[in-house]
Amino acid sequence: MENILEASGLTKRFHGLVAVHDVSVQLRRGEILGLIGPNGAGKTTLVDMVNGTLEPNAGDLVFEGRSVRGLPAYRRAHLGIGRTFQIMKPFPGMSVLENASIGALFGTNGGERSIGRAREQARECLAFVGLGRRIAQRADALGGPDRKRLELARALAMRPRLLLLDEVMAGLNHVEIEEVIEDIKKVRDQGISILVIEHVMKAITSLSDRVFVLHHGEKIVEGSCGEVLRDPRVVEAYLGRRRR
Amino acid sequence: MVLLLQVLVSGVLLGGLYALMALGLALVWGVLNIVNLSHGALIMLGAYATWFLYTGAHIDPFAALPIAAASLFALGYIIQRGILNLVIRGPMFNTLLITFGIEVILTYLAQLWFSADFRTINPSYAGSNHALGGLTVPYVQALAFAIDSVLTTAMWMFLLRTRTGRGIRAASQNLVAARLYGVDPKRIYALTFGLGAALAGVAGGLYGTVSQINPYIGGPLTAKSFVIAIIGGLDNPLGVIAGGLFLGVVESLTALYVGPTYRDVASFGMLVLILIARPGGLLGRTA
């Protein structure tokens, strides 16, 4: 299977602190790759480097065969890299529908030129995540779980080829988590490759084709779910957190 | 009673022009977070552009407005793309300083090229009125008011209904997210500043038909636009209209009942009062 994303030797330093150190990872086309690690392991920093929010200090990043290092975030969005935020960032003064339509209007390949078609696309994505009845509300009136759904719908409306999901399940209840897991599987079935950051272990085990683990900014292990979760280094990383 | 009504009519007509002047400033301020101190100088250039087209090419001042707007749009786009985009992520003080510098440069270039003489745009119908009951409505001011209303509505629709307008609103509401969904901030910023300058250009042309122009009108007009933008709030163009009309009426009433020299006292006094009572602006949401 060919790789849609290849990161090699990615390193990010914030002044003295090395947040991500020499991380190499490949994401295959059409797979769901789980990214786990204790708090502060550098997961979000890694995702930020993939979509262009942060520039790495070293290393290279190849998306669909071309290096995207140095490309501004909006250009990477045009190439088909979409993401959601752990801390939700809706456009507060717009309706839910307008929020999602921004993804459709400006996303992959520069987005949809027609407002009408973009609105249809946004409407479909909102219905898909279960926000179909809320489209007229203002985004800042939504509760936490619905904001998470909006993040997902807005990213899907971009028609991405690679979707980076940064803790879309945090704060959801069991039923809602089941729903989102099913949604993500359906997204993958449309041919979209997905990188999932998640603390909810059940989500990682039922979604991921492969998992890799970051600890103190370094990749400690990579493989199938079963292998990784039994790995003594992973157990230690997580137990170390618990002991605190 | 007729006198009071007449003052109210004049105040509303004046306020329409004020609103248009402030609209561009408020747009740029709201989206780019730049208080454009050169806004008044752009209004001044719009006035001169219209004056030259009228006196030099004999184009009716109202027909000349689109040309003035297009020229100012180009100038604004270049200023943003070439200069302001370089410092937009910096502290606000940098953009204040640079737009102030642009204001000084434009003012003195205007003095050099156009001389410091007072000019007026004086088409044949300049003095004509329409008598309505006992009230006098000057044609030029009424037309200026109509153009202002149309442009403000068009601006509002543009921001709500078009792809670019939505990109502008997305960038102003959450820049980080907008970039990640594919909005190119530098292009959006240049377009926004261009639009702000185009609105200043139209406002300048209309200002020239109702008042005298010289290279130094920019500074006071920036101050006035600033007051209106604050009174109206930056949330939506309707607030700016409200702010403009409010200020126009207050100034006209002050000029009649207190004395013309107290007009600015009234406008800046209102600013202080409104900042105390409704810090979000007349129509703005208060915190």
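Predicted model, so just to flag it, every value in this text is computed and none were measured.

**Considerations on the overall build of chain B**
Here's step 1: Each helix and strand counted, chain B has 11 helices and 2 strands in total.
Here's step 2: Going from N to C terminus, chain B has its helices and strands arranged as α-α-α-α-β-β-α-α-α-α-α-α-α.
Here's step 3: Its C-alpha atoms give chain B a radius of gyration of 19 Å, within 12% of the compact-globule value 19 Å for 287 residues.
Here's step 4: Projecting the C-alpha coordinates of chain B onto the three principal axes gives extents of approximately 60 × 45 × 35 Å.
Here's step 5: Expressed as a percentage of its 287 residues, the buried residues of chain B come to 50%.

**Some points on the pattern of salt bridges**
Here's step 1: For the structure shown, the criterion picks out 27 salt bridges over all chains.
Here's step 2: Note that Arg233(A) is salt-bridged to Asp231(A), the shortest N-O span being 3.0 Å.
Here's step 3: The class of Arg233(A) is partly exposed, set by a relative accessible area of 46%.
Here's step 4: Note on Asp231(A): relative accessible area 12%, which makes it buried.
Here's step 5: One salt bridge connects Lys224(B) with Asp264(B), and the closest N-O pair in it is separated by 3.5 Å.

**Section: unusual backbone geometry**
Residues and elements named next belong to chain A.
Here's step 1: Its identity as a non-glycine residue notwithstanding, Glu-64 has a phi of 50°, on the positive side.
Here's step 2: As for its position among the elements, Glu-64 is in the loop between strand S4 (58-63) and strand S5 (66-67).
Here's step 3: By relative accessible area, which is 30% here, Glu-64 ends up partly exposed.
Here's step 4: One non-glycine residue, His-216, adopts positive backbone phi at about 50°.

**Some words on the interface of chain A and chain B**
Here's step 1: Counting residues at the interface gives 33 residues for chain A and 21 residues for chain B.
Here's step 2: Carbon and sulfur atoms supply 59% of the area that chain A and chain B bury against each other, a total of about 2,200 Å² over both sides.
Here's step 3: The largest contributions to the chain A side of the interface with chain B come from Tyr74(A), Phe91(A) and Phe106(A), which together make up 28% of the buried area.
Here's step 4: Among the salt bridges present, the one from Glu98(A) reaches Arg166(B), with a minimum N-O distance of 4.0 Å.
Here's step 5: Broken down by secondary-structure element, the contributors of at least two residues to the side of chain A that touches chain B are helix H2 (73-79), helix H3 (96-106), helix H4 (115-128) and helix H5 (144-157) of chain A.
Here's step 6: Per element, the largest residue contribution to the side of chain A that touches chain B is 6 residues, and it comes from H3(A).

**Focus: a positive patch on the surface**
Here's step 1: On the surface, Arg113(A), Arg81(B), Arg89(B), Lys186(B) and Arg187(B) cluster together into a patch of positive charge.
Here's step 2: Among the structural elements, Arg89(B) can be located in the loop between helix H3 (61-87) and helix H4 (92-114).

**Some words on the environment of Ile197(A)**
Residue and element names in this part refer to chain A.
Here's step 1: Looking at the element boundaries, Ile-197 is found in strand S8 (residues 193-197).
Here's step 2: On the basis of relative accessibility, which here comes to 0%, the residue Ile-197 falls in the buried class.
Here's step 3: Along the backbone, Ile-197 and Leu-165 are 32 residues apart, and their C-alpha atoms lie at a distance of 6.1 Å.
Here's step 4: Discounting chain neighbours no more than four positions away, the residues touching Ile-197 are Leu-35, Lys-43, Thr-44, Val-47, Leu-165, Asp-166 and Glu-167.

**A short note on the packing of H3(A) against H4(A)**
Residues and elements named next belong to chain A.
Here's step 1: Running from amino to carboxyl end, H3 crosses H4 at an angle of 115°, the nearest separation of the two axes being 8 Å. Judged by the angle between their axes, H3 and H4 are roughly perpendicular. Two packed elements cross with a definite hand, and for H3 against H4 that hand is right-handed. Where H3 approaches H4, its residues Val-96, Leu-97, Ala-100, Ser-101, Ala-104 and Leu-105 are matched on the opposing element by Ile-115, Ala-118, Arg-119, Gln-121, Ala-122, Arg-123 and Leu-126.
Here's step 2: Partitioned by chemical class, the residues of the contact of H3 with H4 number 9 nonpolar, 2 polar and 2 charged.

**Observations concerning the pairing of strand S7 (residues 162-166) of chain A**
Taken residue by residue, a regular strand's side chains alternate between the two faces of the sheet.
Residue and element names in this part refer to chain A.
Here's step 1: Among the 5 residues that make up S7, 5 are buried, leaving the element largely enclosed by the rest of the structure.
Here's step 2: The alternating pattern of S7 places Leu-162, Leu-164 and Asp-166 on one face and Leu-163 and Leu-165 on the opposite face, and all of these are buried.
Here's step 3: Across 5 bridges, the pairing between S7 and S8 is parallel. Looking at the pairing, Leu-164 lines up with Leu-195 of S8.

**A few points about the domain arrangement of chain A**
Residue and element names in this part refer to chain A.
Here's step 1: Domain annotation of chain A identifies domain 1 (1-80 + 161-244) and domain 2 (90-160).
Here's step 2: With 18 residues of domain 1 in contact, the opposing surface of domain 2 contributes 16 residues.
Here's step 3: Where domain 1 abuts domain 2, roughly 1,400 Å² becomes buried across the two surfaces, and 65% of that area is made up of carbon and sulfur atoms.
Here's step 4: When the area that domain 1 buries against domain 2 is broken down by residue, the three leading residues are His-78, Arg-161 and Asp-183, summing to 31%.
Here's step 5: Across the domain 1-domain 2 interface, the total number found is 2 salt bridges.
Here's step 6: Its salt-bridge partner being Glu-176, residue Arg-149 comes within 4.0 Å of it at the nearest N-O pair.
Here's step 7: For the interface between domain 1 and domain 2, the tally reads 4 residue pairs in polar contact (both at pLDDT 80 or more).
Here's step 8: Looking at the side of domain 1 that touches domain 2, the elements that each hand over two or more residues are H2, S7 and helix H6 (174-189).
Here's step 9: Across the side of domain 1 that touches domain 2, the residue classes break down as 10 nonpolar, 2 polar and 6 charged.

**A look at the side chain of Arg210(A)**
All names here are of chain A.
Here's step 1: You can see Arg-210 is positioned in strand S9 (residues 210-215).
Here's step 2: Judged by its relative accessible area of 12%, Arg-210 is buried.
Here's step 3: From its side chain, Arg-210 meets the backbone oxygen of Gln-26 in a polar contact 2.7 Å long.
Here's step 4: One polar contact links Arg-210 to Glu-31, side chain to side chain, over a distance of 2.7 Å.
Here's step 5: Non-local contacts of Arg-210, meaning those with residues more than four positions away in its chain, are made with Gln-26, Leu-27, Arg-28, Glu-31, Ile-32, Leu-33, Gly-34, Glu-222 and Gly-223.

**Details of the environment of Ile184(A)**
Residues and elements named next belong to chain A.
Here's step 1: Relative to the helices and strands, Ile-184 is located in helix H6.
Here's step 2: Note: C-alpha distance between Ile-184 and Gly-37 (147 residues apart in sequence) is 20 Å.
Here's step 3: With residues near it in sequence (within four places) discarded, Ile-184 still touches Ile-32, Leu-165, Val-168, Met-169, Ile-194 and Leu-207.

Conventions adopted
Residues numbered from 1 in each chain as written. Chains lettered and ligands numbered in written order. Predicted model: local features only at pLDDT ≥ 70, side-chain atom pairs only at ≥ 80, totals over all residues. Heavy atoms only, no water. Helix = DSSP H or I, 4+ residues; strand = E, 2+ residues; numbered from the N terminus. Rg over C-alpha atoms; globule rule 2.2 N^0.38 Å. Buried < 20%, exposed > 50% of the residue type's maximum accessible area, 1.4 Å probe, protein only. Salt bridge = Lys/Arg side-chain N within 4 Å of Asp/Glu carboxyl O. Contact = heavy atoms within 4.5 Å. Buried area = accessible area lost by both parts, 1.4 Å probe. Patch = residues over 30% accessible without salt bridge, like charges linked within 9 Å, V, L, I, M, F, W, Y side chains within 5 Å. Areas by Shrake-Rupley, 256 points an atom, 1.4 Å probe, with all protein chains shown as cover. Lys, Arg positive; Asp, Glu negative; His and termini not counted. Charge placed at Lys NZ, Arg CZ, Asp CG, Glu CD. Axes fitted to C-alpha atoms, helices over the stretch in contact; angles between N-to-C directions. Parallel < 35°, antiparallel > 145°, perpendicular 65-115°, else oblique. Left-handed = near helix turned anticlockwise from the far one by under 90°. Nonpolar A, V, L, I, M, F, W, Y, C, P; charged D, E, K, R; others polar. Pairing = 2+ DSSP bridges. Domains from an automatic or database assignment. Polar contact = N/O pair within 3.5 Å; in protein donor to acceptor, adjacent residues only side chain to side chain.

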